[in-house]
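Take a look at the letters that make up each chain.
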Amino acid sequence: MLGEVLTAIVTPFDGEGAVALDRFRALCRHLVEHGSDGVVVTGTTGEAPTLGDDERFALYETALDEVGDTHTVIAGTGTYDTAHSIHLTERAHELGVHGFLVVTPYYNKPPQRGIVAHVQAIAATTDRPVVFYDIPSRVVVDAEPETISALARIENVRAVKQAKPSLEAARHVVAEGLDLYAGDDDLIFPFLEVGAVGGICVHTHVVGPQVKEMVTRFRAGEVDEARALDQELRPAIEILRVQTNPIAIKTALNLLGHDVGGFRLPLVDATPGETAAVRGCLERLGLLQTAAA
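Residues numbered from 1 in each chain as written. Predicted model: local features only at pLDDT ≥ 70, side-chain atom pairs only at ≥ 80, totals over all residues. Heavy atoms only, no water.

**A look at the environment of Thr-79**
The topology assignment puts Thr-79 in the loop between β3 (72-76) and α3 (82-95). A relative accessible area of 4% means that Thr-79 is categorised as buried. When the C-alpha positions of Thr-79 and Tyr-107 are compared, they lie 9.8 Å apart, and in sequence the two are 28 residues distant. Look past the residues within four positions of Thr-79 in its chain and what remains in contact with it is Arg-56, His-84, Ser-85, Leu-88, Pro-105, Tyr-106 and His-118. Reaching out from Thr-79, the side chain makes a polar contact with the backbone nitrogen of Asp-81 at a distance of 3.0 Å. (Helix = DSSP H or I, 4+ residues; strand = E, 2+ residues; numbered from the N terminus. Buried < 20%, exposed > 50% of the residue type's maximum accessible area, 1.4 Å probe, protein only. Contact = heavy atoms within 4.5 Å. Polar contact = N/O pair within 3.5 Å; in protein donor to acceptor, adjacent residues only side chain to side chain.)

The following block contains the structure:
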């Protein structure tokens, strides 16, 4: 198991739009000291599509140097190009990451057998755990149960990050002997009830200790208490619905003083109205004082 609560970490940029490794390092440390068992680097939240390969590798090295001795560092190395994904995975393996997140190839819409062949080719380049990322809302293609079964037969495919609400699909992941991670933050509690390990999260940038406590209480049999915590965290889920990820979570981090900077196009800064909505959620969570009227 790679951990119960993993945060898909944002990539901070400086005022010129360059990757700010010092701020990234500080954020890695903050996250593992506030509930995260590890970080997933260069995922969707990390704006991976706009990062160059050298930037990716620098981020992996920095995360490993800062927290890799005690916490998990997973590299998001899946793209829509199998050969490129293999290159990223091979280099990340050499650097020493602990596992890999491989998303369904997006844009080119492969058939189900193409998904399996893609993941199999990437997994063959490493002996470390591979987490398959099933997120049909972004990649269009929905991984079918038979595809999950086929992936489970690949020796080092150990887990699925499922970002769709189907409890039937979630149960199938568990039945195949794979670790199940909630890929949408509002799915953590219902997925725990069907056997999930935990979640690969975004809202844990701001509510990491509470999410870790929720998972810990559930594991201890304190299900009602865990459910109550889940309900208390609703404003954190609402943050993520303000605008496309990672626009809202980066806005929240900046409001909380973490200075993660802006975005690379085609992502853009939050509007004043969106920023106000994020601020309101943070206030309801007790993380910011209510602005004076």
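Structure's up, so let's keep going.
**Some thoughts on empty space enclosed by the protein**
The probe, sized like a water molecule, is rolled over the atoms to show the empty space still left. A full pass over the atoms with the stated rule returns one cavity of 30 Å³ or more. For the largest cavity, the calculated volume is near 40 Å³. Around the largest cavity, the lining residues are Asp-185, Ile-188, His-203, Val-211, Met-214, Asp-230, Leu-233, Arg-234 and Ile-237. Every element with two or more residues in the lining of the largest cavity is listed here: α9 (204-219) and α11 (234-240). A class-by-class count of the residues in the lining of the largest cavity yields five nonpolar, one polar and three charged. (1 Å grid on protein atoms, 1.4 Å probe; cavity = no way out; pocket = protein on both sides within 12 Å on 5 of 7 lines; lining within 4 Å. Points joined across faces, edges and corners; volume = space filled by probe spheres on them. Nonpolar A, V, L, I, M, F, W, Y, C, P; charged D, E, K, R; others polar.)

**Quick look at the packing of aromatic side chains**
Each aromatic ring pair is described using two quantities: the centre-to-centre distance and the angle formed by the ring planes. In total, this model carries three aromatic pairs according to the counting rule given. Ring geometry for Phe-189 versus Phe-218: centroids 5.9 Å apart, planes at 90 degrees, classification edge-to-face. Remark: Phe-218 occurs in helix α9 and Phe-189 occurs in helix α8 (residues 188-192); sequence separation between them is 29 residues. On the accessibility criterion, Phe-189 (4% relative accessible area) is buried. Owing to a relative accessible area of 15%, Phe-218 belongs among the buried residues under this scheme. The ring of Tyr-133 carries Lys-161 above its face, with NZ or CZ at 4.0 Å from the centroid. The side chain of Lys-250 reaches across the aromatic face of Phe-263, ending 5.1 Å from its centre. (Phe/Tyr/Trp six-rings, centres within 6.5 Å; stacked < 30°, edge-to-face > 60°. Lys NZ or Arg CZ within 6 Å of the ring centre and 35° of its normal.)

**Considerations on the sheet that holds strand β6 (residues 157-162)**
With parallel pairing, the eight strands of this closed barrel are ordered in space as β1-β2-β3-β4-β5-β6-β7-β8. Neighbour to neighbour, the strand axes of the sheet diverge by 25 degrees on average, direction disregarded. Of the pairings in the sheet, the one linking strand β1 (residues 5-8) to strand β8 (residues 198-201) comprises three bridges and is parallel in character. Bridging across to β8, Thr-7 finds its partner in Cys-201. (Pairing = 2+ DSSP bridges. Axes fitted to C-alpha atoms, helices over the stretch in contact; angles between N-to-C directions.)

Geometric descriptors of this kind do not, in isolation, establish any biological role.
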